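Report on the structure
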Amino acid sequence: MIMRLALGLMIMLPASLAVANAEGTGAHRPMAPRSLHVVGDDNYPPYLFRNDDGEVEGYLVDLWRLWERKTGVPVTLTATNWAEAQRMIADGRADLIDMIYRTPQREPLYEFSAPYADLPVVIYTHTTIGGISGVSTLKGFQIGVQSGDACIHQLANHGITTIVEYPNYTALLAAAGRHEIKLFCLDEYPANFYFYKTHTQGDFRKAFELYQGQFRRATRKGDTATLTRVEEGMRLILPEEDAALRKKWFGTPLDIGVYGRYIGWGLLVAAGAALLLAALSMALRRQVAHKTQTLNAALAELREAHAATSEAEQSLAATLQAIPDMLFEFDTGGHYVNVFASRDDLLVASPAKLIGKHLTEVMPGQAAQTVIDAINAAATRGHDYGRMVRLSLGDGAEHWFELSATRKQTGGGETRVLVLSRDITERREAEQAILAAKEAALVADSNRHFRALFEAAPVALAYCQGERIESINQRFIELFGYRPADIPTLAEWWLQAYPDPDYRQQVLQTWDAAIARAAAGDGRLEGLEYCVTCKGAEKRNMIIGGQLLGDGFIATFTDITLIRETEATLKLAKEAADAANMAKSSFLANMSHEIRTPMNAILGYTRSLRRGSLPPEQVDRLDKIEDAGHHLLAVINDILDISKIEAGKLVLEHTGFHLGSIIDYVRSLIAEAAEAKGLELSVDYDEVPLYLIGDPTRLRQGLLNFASNAVKFTSTGRVALRTRLEAWEGEHVRVRFEVEDTGIGIEPGQVQDLFQAFRQVDASTTRKYGGTGLGLAITQRLARLMGGDAGVDSTPGAGSRFWFTARLEVGIAPAEDKPAETSSTEAQIHSLHAGKRILLVEDDPVNQEVAIELLSETGLEIELAGNGRIALDKASNSAYALILMDMQMPEMGGLEATRLIRELPAHRLTPIIAMTANAFDEDKERCLAAGMNDFVAKPVEPERLFTTLARWLGRPR
Ligand code: ADP
């Protein structure tokens, strides 16, 4: 309920004129208000209160009426409850509030006048409570206060927050009367008034004075003009006018007229006694005066201290007001004890709501914990700086606060922590902005580097983001001819680079799969080959790979067109070379076949002629025919050997042999010629192991080559065959074969060339000694194939020492395998197998005849088949003890015939022996692979044929 008191004295003059008149001063003063609305507490007797009829009266009613009269400014005085009065100032419904104490918390809200009255504020207790003697004894009690009362701040400053608010003093005292509260805080003057009025003086007692309040007047913050005008108005009130009002409301002297008579008599009676007491009184007065003096001095000191304290408090309040930081006092448990903040909007709640609360009740967990950490750190170490707290405040914005905490001790010995909290939101934002700018600069910088690198790269590069081709570098443009405008998107690229729809489909599939693999792995796009069509329709073979980057990728293009073209050319060249090689090989095979076939006839007939009894000169001619035949055969063998070696087709045997057999064989072959020339022939084995594993045929061939040359080029003296152990190499030995002669020797300058194919010392050699110039070349190549080499030391006119080395495995002695005597083999066949039927498969009539002639003495029954087909027919119907099979025949060759015969159940085990002019190693292998059991080359050596026949006919089936 708000009671508006319209003061009666309405001056009709304009307010400014009225004030000007009263003051008699000039127009330099601030404009006076046209009217003034004053508010105050309606239950503060005798200043302002309601009487029993509910009417407002009191000292201030009279004072403001006087002020109105003095200034001519109409005054509306509203007396209402104290909290409402403060709200009215806050929201502009009133201009001035009266009877207000100055507190730090109120500084931001009001402009205060000078104090005009000192007022004790007191803590009262119910008479049933004892021991309340100071603020520290209030802990744990509920203290009753009037809402909006300054004592709330005072109590909070002492850490007392257990406060119960009431709308006015009447309600507060009623609650105290009901024992709802046992303690309460009241200004002493109104308290006494109400105790008296409600007859409750005996129920309560004054416990102690909390502090001295000072009444002031105040306007809204910033409204100093009104305050100044009000103060000026107050100064217009004369001291005697104010004294009269004070006398009316604070103290009227008693009217003693009624009681005078009685007092007069009393005084007379007492006069005598007074005289008696005078002396005693004098002494006492002196004592009292002395005490009073001491007390006054103490009081003066106290006042001084109080003034200093209040000045310090005020400067602290002003300081806190001036700085934007907030100051909090906490107990070590994390409860708010005190809050000083110039801006409430930076607090999570109003100071009144914070005090007494625990941090965790008012702040989010993380922020509360940070403050608790700061409190703990300061409580232990004395101080703590630099922690930061992030809070979302009422304005919805996020704020950052930096904390500085320090420890303090209270008068009562308690530890407290002061925490200064500074809003650093703006500073932080600025820092963040600087950081972001720095980062952006770095990114820009690295982008620039990347761009330069991208452009300068010698490889074509494209950078794609999503479906867009963001950049292509210079090399890309040079390579493909496409410019950025031609291929703004990947879709364009696919269309232009792969115009053939089928190939494009295939490329897209491959590319998508590569992207998927890269995404699943480390982002690296593996390089795959694509055929890209350039802008000018030219095609290029490219390896395209790259690296995924976010939702894009960098593609790298490596041009392999030249490599592919070179490969194609090389492939063609190789095919041509292979074809030429094939032609050469088949020519050689043909030539060999063609020469061997007639040679078989020549040597066969020579042999058969020799069987008859001939005159000596014819025997001599047969010898010559035979020598010529063998020579021709040797020549053709050399030619085949060298061409095979050079084609890399010569395969060495790996078989056990006796070293002696090689030397003996060579020795036996040259012995006759050496003897004919009167040359001494010697053999020396050194300490070479005799049983070795390697290719005895090729060793024999090399040694024979050297030995026959030695005999050929030596007319007198000797020829020595030697083997030397050069070194042991694990399971192997390195063996040196030497042939030394005392022949013509060789000029040093010619030695190098001798080992080249077709080279002889000079052309005259051919005329004088014959030869093809192939022997040394073959020997050296064979030696190298066997892991060694060949060479010669020679002195012209004194002789030569030819040597070659070979790396051979050391073997063990084989089971005795004595070569059978030639004549006895043929006889053996006769005695053991005569009458057995063999099938001779041969198309050439002359060779048929030669073979039949050769076998005539074996007693075997020979049936002829002119080609493979006839042989197959015959084999289907008959059994044979053995089949001799030519290879090259019309209608059906020997290989095919063999395969088919082998399918006949009767001939699965029949020995089939090749007898063919196809004398190469691979021919032999093909025969064995087709199912034949052995191989005899044409021209046929009778001994070899007989041995082979004897072995296979005698083998149990
Ligand atoms: P051919 O003996 O068939 O001509 P070779 O390759 O065996 O072929 O020999 C090449 C040449 O080396 C011979 O023609 C000859 O001039 C020379 N030569 C080989 N052996 C001797 C030797 N023991 N004494 C002197 N000269 C030799």
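These remarks concern the structure in this document. Note that the coordinates shown come from a computational prediction; the quantities given were computed from them, not determined experimentally.

Let's talk about the packing of aromatic side chains
- Taken as a whole and judged by the stated rule, the model has 39 aromatic pairs.
- Between Y101 and Y211, the aromatic rings sit 6.0 Å apart at their centres with planes inclined by 80 degrees, giving edge-to-face as the arrangement. Taken together, the residues Y101 in the loop between β7 (96–100) and β8 (110–112) and Y211 in strand β13 (residues 204–220) connect sequence positions 110 residues apart.
- With a relative accessible area of 12%, Y211 lands in the buried category.
- Taking the centre distance of 5.8 Å and the plane angle of 70 degrees together, the rings of F328 and Y336 count as edge-to-face.
- The exposure class of Y336 is buried, given its relative accessible area of 3%.
- Through pairs of rings, three or more aromatic residues link up here, namely F476, F480, Y482, W493, W494, Y498, Y503, W511, Y530, F553 and F557.
- Looking at R428, its charged tip hangs above the ring of W400, at a distance of 3.6 Å from the centre.
- For R700, the ring lying beneath its charged end belongs to Y665, and the centroid distance is 5.1 Å.

Here we look at the sheet that holds strand β33 (residues 882–885)
- An order of β32-β31-β33-β34-β35 is seen for the five strands of this open sheet, with the pairing classed as parallel. Each having just a single partner strand, β32 (861–865) and β35 (934–937) make up the two edges of the open sheet. For this sheet, the mean inter-axis angle between neighbouring strands, taken without regard to orientation, is 20 degrees.
- Sheet topology note: the strand β31 (residues 837–841)/β33 ladder contains four bridges and is parallel. Each residue of the ladder has a partner; that of L839, found in β33, is I883.
- Packed on one face of the sheet, helix α26 (residues 868–877) meets β31 and β32 and runs near 130 degrees to β32.

So, the side chain of T948
- Here T948 shows up in helix α29 (residues 942–953).
- Excluding anything up to four places from it in sequence, T948 contacts I913, D934 and V936.

Definitions and limits used
- Residues numbered from 1 in each chain as written.
- Predicted model: local features only at pLDDT ≥ 70, side-chain atom pairs only at ≥ 80, totals over all residues.
- Heavy atoms only, no water.
- Phe/Tyr/Trp six-rings, centres within 6.5 Å; stacked < 30°, edge-to-face > 60°.
- Helix = DSSP H or I, 4+ residues; strand = E, 2+ residues; numbered from the N terminus.
- Buried < 20%, exposed > 50% of the residue type's maximum accessible area, 1.4 Å probe, protein only.
- Lys NZ or Arg CZ within 6 Å of the ring centre and 35° of its normal.
- Pairing = 2+ DSSP bridges.
- Axes fitted to C-alpha atoms, helices over the stretch in contact; angles between N-to-C directions.
- Contact = heavy atoms within 4.5 Å.

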